Amino acid sequence: MSKKYTITTPIYYVNSVPHIGTALTTLAADVTARYQKMCGNEVFFLTGTDENGTKVKEAAEKAGKDPHAFVDEIAAAFREIWPGMGIEFDDFIRTTEPRHRIAVQEFFRILQEKGHIYRGSYEGWYDVSSETFYKEADLVNGLSPDGNEVRWVKEDNYFFRMSEFGELLLAHIESNPGFIIPETRKNEVVSFIKQGLRDVCISRANPGWGIPVPGDDSQVVYVWFDALINYVAAAGWPAAGWEDRWPASVQWMGKDILTRFHATLWPAMLLGAGLPLPEALVGHAWLLMGDGKISKSKGNVVAPLDLANSLSERSGCSHDVAVDAVRYYMAALMPIDNDATFTYEEFDRLYNTHLANDLGNALNRSLAMSQKFAESIVPGGEVESEAALAIDAAKAAFEKAMAGFRVDHAAEAALSVVRFLNKYIDTRSPWALAKTQDPALPAVLRSMLLCLRTAEGLIRPIMPKTADAVCAQLGVAPLTDWQAIGSEASLPAGTKLQAPQPIFPRLEIAKQEQPKKMEQPKPQPAPAPVKPAEVPTEISIDDFVKVKLKVGRVLEAEPVEGSDKLMKLQVVIGEEKRQIVAGIRKNYSAEDLIGRQVIVCVNLKPVKLRGVESNGMLLAATDADGGAILLQPDREAPEGTGVK
Ligand code: ME8
């Protein structure tokens, strides 16, 4: 059988349920898997749970549960949550399974046979939270380097001669530049090894939980030594045929478990047993919440599905799209070198700007214009060269990003094509071409639609359900072959398009709507004296129809320099684009405005406000402080629709 492209995540401790931190790594692995499948590789995507440690046993005791029942319950939560996040793993290994126990005991036996294991006594500190042994010199103010409590341990144990592998590991890292990613973390690993690797204690006194050391039931295998072996156990080792799944092409993890475990202990174990080393180890940075790492003990856990459910409720988008929006957020944020901070505000902002504005608008506008100017049929004709270049550049940027496991850059590349498209629509102005019956119109529409089709292919590894929704509107089958992305054949002339259906309804970002943010009610000022209502002068319908009102969409927005009230907007109204200056800055930021539909009075005489020409007026109600509350159609209406 041919070698598969093997992708692994860490196997997670079952002391707590999945959260947005563990989802981050699993998502990175899923995006890699989906991309590699599209590239034609046979993929083996492995995840699972780490169930044998002291940490898990103590968590079960704390919960007053039998450890077997406890691990079954939490492992089931992991197994169930991942498909709900669109994560399609091929195997889920639990370290309490017989196939894992057999592999661990055999691995131990082989290393023993080859003289890499000896008996000794351990006296030192042990951090249960990270299941790590520390020397006195490693401690910081009596705590582990991560700030966890440590306990003194004195036991007769088995030791692995890790000290013998330092030179071999350094040579491997040196001759395989892609082995440890990113570069900064590779340097940390190299200096850790250069300080001298110590032999590692690889067993603990048997507490009645864990995998017994072969031939010595008084000891169980140290949980890290045990857990790392899951990767080859799931490949089928020690039985024949494991070579099609091991070595891994990439092992994804957080930086916490790279240096001491995956980049030193694990390769040393493999070298000792005569097994091949993984091709790449990616140790990403932290997703922080507020000022700290997301962890159950800190009580700051965000469940990814809760986030999706809240988005779907608040915006009205479908559940599938909301899950994709969470996937997109994590992909776009994917911290590699530096830690990133999770905030609800940033999540909402990215949804509105990247998804509703950039992707949603590109889709709506392209389909609406195709409907208007090409009867919703993909026209023939050559794709214009600037569109072809943008398509190729986005695809190449995505490929480069994924070759270096930069999921964040891949997300950026995927959206670059719709950002280009929105600008292209503005500059090529199909409405103007239609007016003058310019022969370039079919090519422009075709270019727009091919950009969309390309975006559908490029977002697919990150947002698979959204890609399907885009396909449905384009009237084509999903683009699953990477080679075909960007090709003219991927969107044949004559394809019948569907009417545009907004996929990402905009979120109204009012502070009080943010989930989990409770604001103290402010003391209410005494009500202002009510002014008697003015009796408006009556006008006839003939007067009213003189005021021409139309639906427009804000494409660009920026504050007018020197004014704290005025915003300069570029608004598309049907086939034309207008500059409008509006006194709404106090209540709306540029981000609130871009992509929003507005009602415009289109037959006001142009005026100059602070020296900037304004060609129309937005309709707005006025709040108690004189601030603007913009009017907006109750549902999306094509730009240019008349308002009565
Ligand atoms: O370490 N930001 O399991 P674990 C980014 N069982 N990534 C995060 C994160 C955050 N806030 N929180 C968790 C173990 N992670 C061992 C692994 S493998 C043979 C054994 C992710 O449940 C990140 O990948 O503590 C980190 O390395 C992993 O979860 C730790 O999961």
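This one's a predicted model, so the numbers in the text were calculated from it and none came from an experiment.

> Got a minute to help me understand the site of the ligand in this structure?
Around the ligand lies a shell of 26 residues, among which Ile11, Thr25, Asp50, Asp256 and Leu287 are the nearest. With respect to the ligand, the side chain of Asp50 contributes an N or O atom lying 2.7 Å from a nitrogen atom. For the ligand, the protein covers 93% of the area, taking 670 Å² as the surface of the free molecule. Contributing elements (two or more residues each) for the shell around the ligand: strand E1 (5-13), helix H1 (20-38), helix H7 (223-228), helix H8 (230-235) and strand E12 (250-254). By residue class, the composition of the shell around the ligand is 15 nonpolar, eight polar and three charged.

> Just to check I follow, could you spell out helix H17 (residues 464-474) for this structure?
Given 3.6 residues per turn, any residue in an α-helix points the same way as the ones three and four places further on. Within H17, the full set of buried residues consists of Pro464, Thr466, Ala467, Val470, Cys471, Gln473 and Leu474. Buried residues in H17 make contact with H1, helix H11 (319-333), helix H12 (344-374) and helix H16 (441-459).

> Just to check I follow, could you spell out the packing of aromatic side chains for this structure?
Two measures describe an aromatic ring pair: the distance that separates the ring centres and the angle between the ring planes. Under the definition given, this model contains 28 aromatic pairs. When the centroid spacing of 5.7 Å and the interplanar angle of 55° are considered together, the rings of Tyr231 and Trp266 count as tilted. In this pair, Tyr231 sits in helix H8 while Trp266 sits in helix H9 (residues 258-273), placing the two residues 35 residues apart along the sequence. One exposure class covers both Tyr231 and Trp266, and it is buried. Taken together, the ring pairs connect Phe107, Phe108, Tyr158, Phe160, Phe165, Phe225 and Trp237 into an aromatic cluster. Geometry around Tyr126 places Arg204 over its ring, the cationic atom sitting 4.2 Å from the centre.

> Any chance you could explain the domain arrangement of the chain here in plain terms?
Buried accessible area, meaning the area lost when the parts come together, often serves as the stated size of an interface. Domain assignment breaks the chain into domain 1 (5-284), domain 2 (304-490) and domain 3 (541-643). If you average the C-alpha positions of domain 2 and of domain 3, the two centres end up 26 Å apart. Each partner contributes to the interface: domain 2 provides 12 residues, whereas domain 3 provides 13 residues. Carbon and sulfur atoms make up 49% of the area that domain 2 and domain 3 hide from each other, which totals about 1,000 Å². Put simply, domain 2 and domain 3 have zero salt bridges between them. Between domain 2 and domain 3 we count one residue pair in polar contact (both at pLDDT 80 or more) in total. Broken down by secondary-structure element, the contributors of at least two residues to the side of domain 2 that touches domain 3 are H12 and helix H15 (430-435). Ranked by residues supplied to the side of domain 2 that touches domain 3, first place goes to H12 with eight residues. Split into classes, the residues belonging to the side of domain 2 that touches domain 3 amount to three nonpolar, four polar and five charged.

Thresholds, definitions, all that
- Residues numbered from 1 in each chain as written.
- Predicted model: local features only at pLDDT ≥ 70, side-chain atom pairs only at ≥ 80, totals over all residues.
- Heavy atoms only, no water.
- Near = heavy atom within 4 Å.
- Polar contact = N/O pair within 3.5 Å; in protein donor to acceptor, adjacent residues only side chain to side chain.
- Areas by Shrake-Rupley, 256 points an atom, 1.4 Å probe, with all protein chains shown as cover.
- Helix = DSSP H or I, 4+ residues; strand = E, 2+ residues; numbered from the N terminus.
- Nonpolar A, V, L, I, M, F, W, Y, C, P; charged D, E, K, R; others polar.
- Buried < 20%, exposed > 50% of the residue type's maximum accessible area, 1.4 Å probe, protein only.
- Contact = heavy atoms within 4.5 Å.
- Phe/Tyr/Trp six-rings, centres within 6.5 Å; stacked < 30°, edge-to-face > 60°.
- Lys NZ or Arg CZ within 6 Å of the ring centre and 35° of its normal.
- Domains from an automatic or database assignment.
- Buried area = accessible area lost by both parts, 1.4 Å probe.
- Salt bridge = Lys/Arg side-chain N within 4 Å of Asp/Glu carboxyl O.

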